[in-house]
Structures are given as C-alpha cells and as structure tokens.
Amino acid sequence: MNVITGKVWKFGDNIDTDLIIAARYLNTSDPHELAKHVMEDADPDFVKKMQPGDIIVAGENFGCGSSREHAPIALKAAGVAAVVAKSFARIFYRNAFNMGLPIFELEETDKINEGDLISIEMDKGVVRDLNKGIEYKFHPIPPFMQELLACGGLINYAKAELLKKGEAHA
C-alpha cells in the first residue's frame, strides 16, 4: 500500500464534513449506506461518476466543521483511495488515520487538474501527476501513521497489537 494511483476529483477550499456527508444521512453509521451519499452536496453526481481507487484533490482546510467520524468513513466506504489537500482540519486529519483513510498535505494541489491520473508514494513523500510528468514533494507521513493505514485504522491496529502480545505470552 505504499503507492496509491488513481484518477483525480477536484474540490476547493473549506470542504466541511457536511459537504462530505450531509447531516441528514447521519441517522445511520452503516458505511455502505453513507457511501451512497458522499460529497452529494458538493457534487450531486460524484458517487455515480467516481470509481473505487479514485483520489480527491482539494484546497485548504479539508474536513473542517463538525468532528464526526462519519466523513472519513463515508469517503473510504465509497472507494476514495486517498485525499490530497493543501491542509486538513486537525480533527478530520486524526479521524481519517483512525478510520484508515490515507490523506496527504500538498501545497501544489492547484496545479493538479480534475481527471489527471496521479500516483502517491507514501513513504517517499511524492505525488506524481502522470498526465503531466510532474513530481511534487510532501512531508512523508510518520511510520506509525503508515502502520495505522496498513492495518485499516486504529481499531484494527489495536487488535493486531493485542494479538501480538497474546502470542508473545503464549
């Protein structure tokens, strides 16, 4: 999972959690139900147009607003492989890693176009725009955060750690 490659869907600044998954759908926590409505208020046809493995590229302050965990859950369940933004709201940032959704901060998101195919190398801190042949650098996410993503989120990571400890005592 060190390299993520997908088609870009572009969004602007201040995409809040209500745009990611509207409050009217929060009567369920079923990821598959939430996935049907992801980004609906920002782009009503987003779920119909996107394919699993696609990547959202956005501006500043992605995930601002409420601290609900439904937003990264809905994105991941819809098949969004990663989100690349200039910056993330801090609570969304943590929730995304806890839920196993890869996110990356990249200053040059305005240079990437919707429809471009990009490749993200997590451990090297590189985003490549495969359409333009341009490479952008970001600060690689720490190894521990990469472990969280590899396990699918914090709960799965904790379960794996408990299993390791149990095996060590056996």
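Note that the structure is predicted; figures quoted are calculated from it, not measured.

Q: Is there a simple way to think about the side chain of Asn98 in this case?
A: Of note, Asn98 is situated in helix α5 (residues 90–99). Once residues within four sequence positions are removed from consideration, Asn98 is found in contact with Leu148, Gly153, Leu154 and Ile155.

Q: Would you explain the packing of helix α4 (residues 70–78) against α5 in this entry?
A: The description of two packed helices rests on the angle between their axes and on the distance between the axes. Direction vectors running N to C along α4 and α5 enclose 45°, while the axes themselves pass 8 Å from each other. In terms of orientation, α4 and α5 fall into the oblique class. Two packed elements cross with a definite hand, and for α4 against α5 that hand is right-handed. In this structure, α4 contributes Ala71, Pro72, Ile73, Leu75 and Lys76 to the contact, and α5 contributes Phe92, Asn95, Ala96 and Met99. Tallied by class, the residues present in the contact of α4 with α5 amount to 7 nonpolar, 1 polar and 1 charged.

Q: It is not clear to me how the sheet that holds strand β4 (residues 103–105) should be interpreted in this structure. Could you clarify?
A: Taken in spatial order, the 7 strands of this open sheet run β4-β3-β2-β1-β5-β6-β7, and their pairing is mixed. A strand with exactly one partner marks an edge of an open sheet, and here the two such strands are β4 and β7 (134–137). If you compare each strand with its neighbour and ignore which way they point, the axes differ by 30° on average. Judged from the 4 bridges that link them, strand β6 (residues 126–129) and β7 form a sheet pairing that is antiparallel. Bridging from a neighbouring strand, Asp129 pairs with Ile134 of β7.

Q: Where do I start with the packing of aromatic side chains in this structure?
A: Two aromatic rings, taken as a pair, are described by how far apart their centres are and by the angle between their planes. Across all of its chains, the model carries 9 aromatic pairs by this definition. Centre to centre, the rings of Phe62 and Phe92 are 5.4 Å apart; their planes meet at 75°, and the pair counts as edge-to-face. Separated by 30 residues along the polypeptide, Phe62 in the loop between β2 (55–58) and α4 and Phe92 in helix α5 bring together distant segments of the chain. Its relative accessible area of 3% is what places Phe92 among the buried residues. By way of ring pairs, the aromatic residues Phe62, Phe88, Phe92, Tyr93 and Phe97 are connected into one cluster.

The rules behind the values
- Residues numbered from 1 in each chain as written.
- Predicted model: local features only at pLDDT ≥ 70, side-chain atom pairs only at ≥ 80, totals over all residues.
- Heavy atoms only, no water.
- Helix = DSSP H or I, 4+ residues; strand = E, 2+ residues; numbered from the N terminus.
- Contact = heavy atoms within 4.5 Å.
- Axes fitted to C-alpha atoms, helices over the stretch in contact; angles between N-to-C directions.
- Parallel < 35°, antiparallel > 145°, perpendicular 65-115°, else oblique.
- Left-handed = near helix turned anticlockwise from the far one by under 90°.
- Nonpolar A, V, L, I, M, F, W, Y, C, P; charged D, E, K, R; others polar.
- Pairing = 2+ DSSP bridges.
- Phe/Tyr/Trp six-rings, centres within 6.5 Å; stacked < 30°, edge-to-face > 60°.
- Buried < 20%, exposed > 50% of the residue type's maximum accessible area, 1.4 Å probe, protein only.

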